[in-house]
Amino acid sequence: MSTDSAVQTGRPAVTAAPAPVRHWLRLLRSELRIVFVRPRNLAMLGVLAVAPVFLGFALWVNTPQPGAGGGNSGAAALIGQVAENGVFLALLAIFVLMTLILPLAIAVVSGDALAGEAGLGTLRTLLTVPAGRVRLLATKYVVIVIFSLVASALVAIVGLIMGALLFPIGPVTLLSGASVPLIDGLARLAMIVIYVATALAALGAIGIALSTFTQHALAVMATMLVVVVVSQILDAVSQVAVIHPYLPTHFWLAFDALLRTPIDWTQIWHGLASFAVYAVIFGAVAVARIRRANISS
Amino acid sequence: MTLIDARSAGAGPDRPAAADPSLAIATAGLAKRFRGGQLAVDHIDLAVPVGSVYGFLGPNGSGKTTTIRMLLGLIHPSGGSFTVLGASGADGIDAALPRVGALVEGPAFYPFLTGRQNLARCDAADRTADLGTSRARIDHALEQVGLLAAADKRYRAYSLGMKQRLGIASGLLRPRDLMILDEPTNGLDPQGTREIRTLIRQIAAAGTTVFVSSHLLAEVEQICSHVGVMSTGRLVFQGTMADLRGRGERRIAIHTAEPDRAAKVLADLGLAGAGVAGQDVTAVLGEHAPEAINAELVRAGVPVAGLATVRPSLEDLFVQLTGEGFDVNG
Ligand SMILES: Nc1ncnc2c1ncn2[C@@H]1O[C@H](COP(=O)(O)OP(=O)(O)O)[C@@H](O)[C@H]1O
Ligand SMILES: [Mg+2]
């Protein structure tokens, strides 16, 4: 303990000229660093990167007949295409991981966002700086959106690399039967990555809203997974078909429209609109909550 | 400074806290009732003068942390009002917080980041801090609390004393007019406690008002100019240290082989609260002169072996104020 170094006085305020954008970018960088250096999140991204590798080897060892599964939609249709074209490994990986692992990754990050910080006590540290309640919430949501994009892109890129290593790569035969140049196929893959990231970002809005209600990150993750699984189950029950379009997961896999010619844009727009509605509703809940919340942890 | 009994001060729950510029913190009827139903803070009127080192004392559970959370806008009061450095209320307080350094309910940082990275994160959250001097300010704060050498260790590996000091360092990232420190010595050994006291003295010497809570009187009595004493949510005393010392009633204590006769003499003289314990007799001195009492005892033939006047210790006063044993040793 230094006893003779001068303690800063309370007199001249070291206050910067207002530069809200630069200050905000600094907070955003700090939030990104927290999310992307946290050991658990790195492990999570590791799992996302390894999954397409396993999937690729599994299909390489036990190569399905071209067109196997016979289905014209879903995983079956994609599996049948992988042996002919490695690009489909990226699509299959996204399709498979969207059922649980990608939502889980978003659930982990959303749980950490506010509930985790509250549990750790760091939320009170940040709010007394003061970081600003709504400003902090907004920054954390931007980080969730970025994380959604990184996670989906990671799966697609690793899938693509594995696909190229294990299977032929060339012009892409779409699910509707037409063949398009490889570059066109890759552009469709990029659009699918963005579509899936949007779906995950909407899930993240539900997550960050839940995150304002508790200081237990695990409770947020568990609740989100229950929401995802229950929504998927209801989506499969034809007796409740009337509520299907309103389920949060209903449009998650609608990206197969991008694998047909002509592209059924209405399906894509319906999906994006559904995600936007969920993001706005739960974003509003989160803002209302964080403004009033008692931070007593 | 006058003695204020929070109940008799007559603060209506909605009387606004005075915007008195000589007070760094002022509250009026500030109250918090948690959902459980119990009043954690029971209509308190704090007055923390600018430039003071204010000891906010009280046993565990007496409402100190809850009060501090309200002052920092972390929780919303159920009643009353408060002003911190001229900014009022949970919604307006953010305007003053850049001038307030705070440590609430012990330090809270990310275990997987180093001390320096943790401070950088606090600084990054600050929307008015000078961007260009961030590194220098972080180093300066670390140096002030003596953590420069351990700056690049992970927080996980810090000792409790180092964690507390990092918590104080986060309050020193920029010049402050007010430091609010909630139990900064909690759990520390005597050496660690001394270090924190030295640090608080330096902060105060630089002109910063310090509001420091503790459940241990002994840990802060040396550094405080003012004290407020909490007991089950109520502010049962507020004033200068001198006010507190002066509050104890002087008693006379007589050592004699005939205590019962001595007690009778004291009672006849009109001294209240006479009590006998073995060969010792004590009573409240009041306005009586000890030498006159001695003369009276001798006239009555009481063999006086010893006579003294005693003031209760600060510890005794705390026991009286808080109505329970004040934990002296932690
Ligand atoms: N979030 C909370 N919910 C319900 N009761 C609480 C909460 N926080 C504190 N309390 C209660 O309020 C009282 C005062 O607590 P606190 O302010 O932490 O006391 P201190 O800091 O003086 O030890 C205690 O009885 C405690 O149990
Ligand atoms: Mg406390």
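Quick note: structure is the one above.
Residues numbered from 1 in each chain as written. Chains lettered and ligands numbered in written order. Predicted model: local features only at pLDDT ≥ 70, side-chain atom pairs only at ≥ 80, totals over all residues. Heavy atoms only, no water.

*Asks:* Sorry if this is basic, but what is going on with a nonpolar patch on the surface here?
*Replies:* Together, F213, V277, I281 and V285 of chain A line one region of the surface with nonpolar side chains, adding up to about 340 Å² of accessible area. Here V277 of chain A lies in helix α10 (residues 265–292). (Patch = residues over 30% accessible without salt bridge, like charges linked within 9 Å, V, L, I, M, F, W, Y side chains within 5 Å. Areas by Shrake-Rupley, 256 points an atom, 1.4 Å probe, with all protein chains shown as cover. Salt bridge = Lys/Arg side-chain N within 4 Å of Asp/Glu carboxyl O. Helix = DSSP H or I, 4+ residues; strand = E, 2+ residues; numbered from the N terminus.)

*Asks:* Looking at this model, I keep getting lost on unusual backbone geometry. Mind explaining?
*Replies:* Peptide bonds are, in most cases, trans, and in most cases residues other than glycine have a negative phi. The linkage connecting V129 of chain A with the following residue, P130 of chain A, adopts the cis geometry, with an omega of 0°. Its location among the elements puts P130 of chain A in the loop between α6 (122–127) and α7 (133–166). Cis geometry is adopted by the peptide bond preceding P262 of chain A, which originates at T261 of chain A and carries an omega value of -10°. Summarising the element assignment, P262 of chain A is placed in the loop between α9 (217–236) and α10. One non-glycine residue with positive phi stands out, namely L85 of chain B, at about 50°. Structurally, L85 of chain B is set in the loop between β5 (79–84) and β6 (87–88). Within the chain, T232 of chain B stands out as a residue other than glycine whose phi angle is a positive 40°. Note that T232 of chain B resides in the loop between β10 (226–231) and β11 (234–240).

*Asks:* When you look at the site of ligand 1 in this model, what are you seeing that I'm missing?
*Replies:* Neighbouring ligand 1 are the residues S296 of chain A together with F34, Q38, A40, P59, N60, G61, S62, G63, K64, T65 and T66 of chain B. The residues that come close to ligand 1 belong to more than one chain, namely chains A and B. Within the side chain of S296 of chain A, an N or O atom sits 3.3 Å from a nitrogen atom of ligand 1. Within the side chain of Q38 of chain B, a nitrogen or oxygen atom sits 2.9 Å from an oxygen atom of ligand 1. Top contributing element to the shell around ligand 1 by residue count: helix α1 (residues 64–71) of chain B, with three residues. Here the residues of the shell around ligand 1 are counted per class, giving three nonpolar, eight polar and one charged. (Near = heavy atom within 4 Å. Polar contact = N/O pair within 3.5 Å; in protein donor to acceptor, adjacent residues only side chain to side chain. Nonpolar A, V, L, I, M, F, W, Y, C, P; charged D, E, K, R; others polar.)

*Asks:* So what exactly am I meant to see when it comes to the interface of chain B and chain A here?
*Replies:* Often, the extent of an interface is quoted as the loss of accessible area upon association of its parts. The interface of chain B with chain A comprises 57 residues on the first partner and 47 residues on the second. Both sides together, the interface formed by chain B and chain A hides about 4600 Å², and carbon and sulfur atoms give 56% of it. The three residues of chain B that bury the most area against chain A are R121, R127 and L131 of chain B, which together make up 15% of that side's buried surface. Seen at the junction of chain B and chain A, the total is three salt bridges. For E31 of chain A, the salt bridge is made with R121 of chain B, and the minimal N-O distance between the two is 2.8 Å. The tally of links from chain B across to chain A stands at 19 residue pairs in polar contact (both at pLDDT 80 or more). Listing elements by their share of the side of chain B that touches chain A, those giving two or more residues are α3 (115–125), α4 (134–144) and α6 (190–205) of chain B. With six residues, the top contributor of residues to the side of chain B that touches chain A is α6 of chain B. (Contact = heavy atoms within 4.5 Å. Buried area = accessible area lost by both parts, 1.4 Å probe.)

*Asks:* What's the story with the pattern of salt bridges in this structure? I'm lost.
*Replies:* Where charged atoms from two side chains of opposite charge approach closely, those side chains can pair. Applying the stated criterion across every chain, the model contains 21 salt bridges over all chains. When salt bridges with common partners are traced through the structure, they connect E31, E117 and K140 of chain A together with R121 of chain B into a single cluster.

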